Amino acid sequence: MRILVVEDERRMAELLRRGLTEEGHQVSVARTGTEGLELALASPFDVIVLDVMLPQMDGLTVTRRLREKRNQTPVLMLTARDGASDIVAGLDCGADDYLTKPFAFDIFLARLRAVSRRGAIPRPAVLEVADVRLEPGARRVTRGGVEIPLTPREYSLLELLMRNTGRVISRDSILESVWGHGSDVHENTIEAFVRLLRLKVDTREPKLIHTVRGIGYMLREPDQVREH
Ligand code: CA
């Protein structure tokens, strides 16, 4: 296999390069996130082994950029111990699997084989409500097949609503998941964001985003509306 290793720690990079070469693979090594992304986009690889903590551009951003460019090369992410949030973020960004450092080399090889076998398949986790389609891997949103450009906050808000289709999401939940715990954001700001999101996503009938007075917002399939 052609394998790209993106790892800034010299010893780890050398260990992986040597071990993989001994297994008969062709290995390229990049030392920074930027270099890794350039290499990954410049030539085809069967697998990318990607460290999360990297200079210039972290592994999460590298994965997101790759997927944005429709590059579906399988990514095996290497995360530091206790990097639980890295793992979730990494998989959300479009990584295929992860391995926590330190790891045994034979386990690394097994994971690598599993990830590469899955091949360059499109991300399966697509959210669909009516004709709105959200692809978490690529952070891409379309309605009726037409791409809708969203800011990161608008995207997070829509993803939150779509992951909870048919359920009321309180303003507090929106605040916490879109702006982060303990953020000092006025209710008007949330309203303004919902308004912006509606203008981009929900201008045509049937309307999907509904205000639940005094509580928050809900996104519903059109046939759920009649119950109201
Ligand atoms: Ca590192």
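Everything in this summary refers to the structure shown in the same document. Model, not experiment: these values are computed from the prediction. (Residues numbered from 1 in each chain as written. Predicted model: local features only at pLDDT ≥ 70, side-chain atom pairs only at ≥ 80, totals over all residues. Heavy atoms only, no water.)

We now examine the pattern of salt bridges. Applying the stated criterion across every chain, the model contains 17 salt bridges. We note a salt bridge from arginine 18 to glutamate 14, for which the minimum N-O separation is 3.8 Å. Of this pair, arginine 18 and glutamate 14 both sit in helix H1 (residues 10–22), 4 residues apart, which is roughly one turn of that helix. (Salt bridge = Lys/Arg side-chain N within 4 Å of Asp/Glu carboxyl O. Helix = DSSP H or I, 4+ residues; strand = E, 2+ residues; numbered from the N terminus.)

The next point concerns the packing of H1 against helix H5 (residues 105–118). Following both chains from N to C, one finds H1 and H5 inclined at 70°, their axes separated by 12 Å at the closest point. Considering their axes alone, H1 and H5 lie roughly perpendicular with respect to each other. By crossing handedness, the relation of H1 to H5 is classed as right-handed. Where H1 abuts H5, its residues Leu15, Leu16, Gly19 and Leu20 lie against Phe105, Phe108, Leu109 and Leu112. Taken together, the residues that form the contact of H1 with H5 break down as 7 nonpolar, 1 polar and no charged. (Axes fitted to C-alpha atoms, helices over the stretch in contact; angles between N-to-C directions. Parallel < 35°, antiparallel > 145°, perpendicular 65-115°, else oblique. Left-handed = near helix turned anticlockwise from the far one by under 90°. Contact = heavy atoms within 4.5 Å. Nonpolar A, V, L, I, M, F, W, Y, C, P; charged D, E, K, R; others polar.)

The amide bond that connects lysine 101 to the next residue, proline 102, takes the cis arrangement and shows omega of -5°. Here proline 102 lies in the loop between strand E5 (97–100) and H5. Following glutamate 205, the chain continues into proline 206 via a peptide bond in cis, with omega recorded as -5°. Its location among the elements puts proline 206 in the loop between helix H8 (187–201) and strand E11 (209–212). With a phi close to 65°, arginine 70 is a non-glycine residue in the positive phi region. Its location among the elements puts arginine 70 in the loop between helix H3 (59–68) and strand E4 (75–79). Look at alanine 130: it is not a glycine, yet its phi comes out positive at around 50°.

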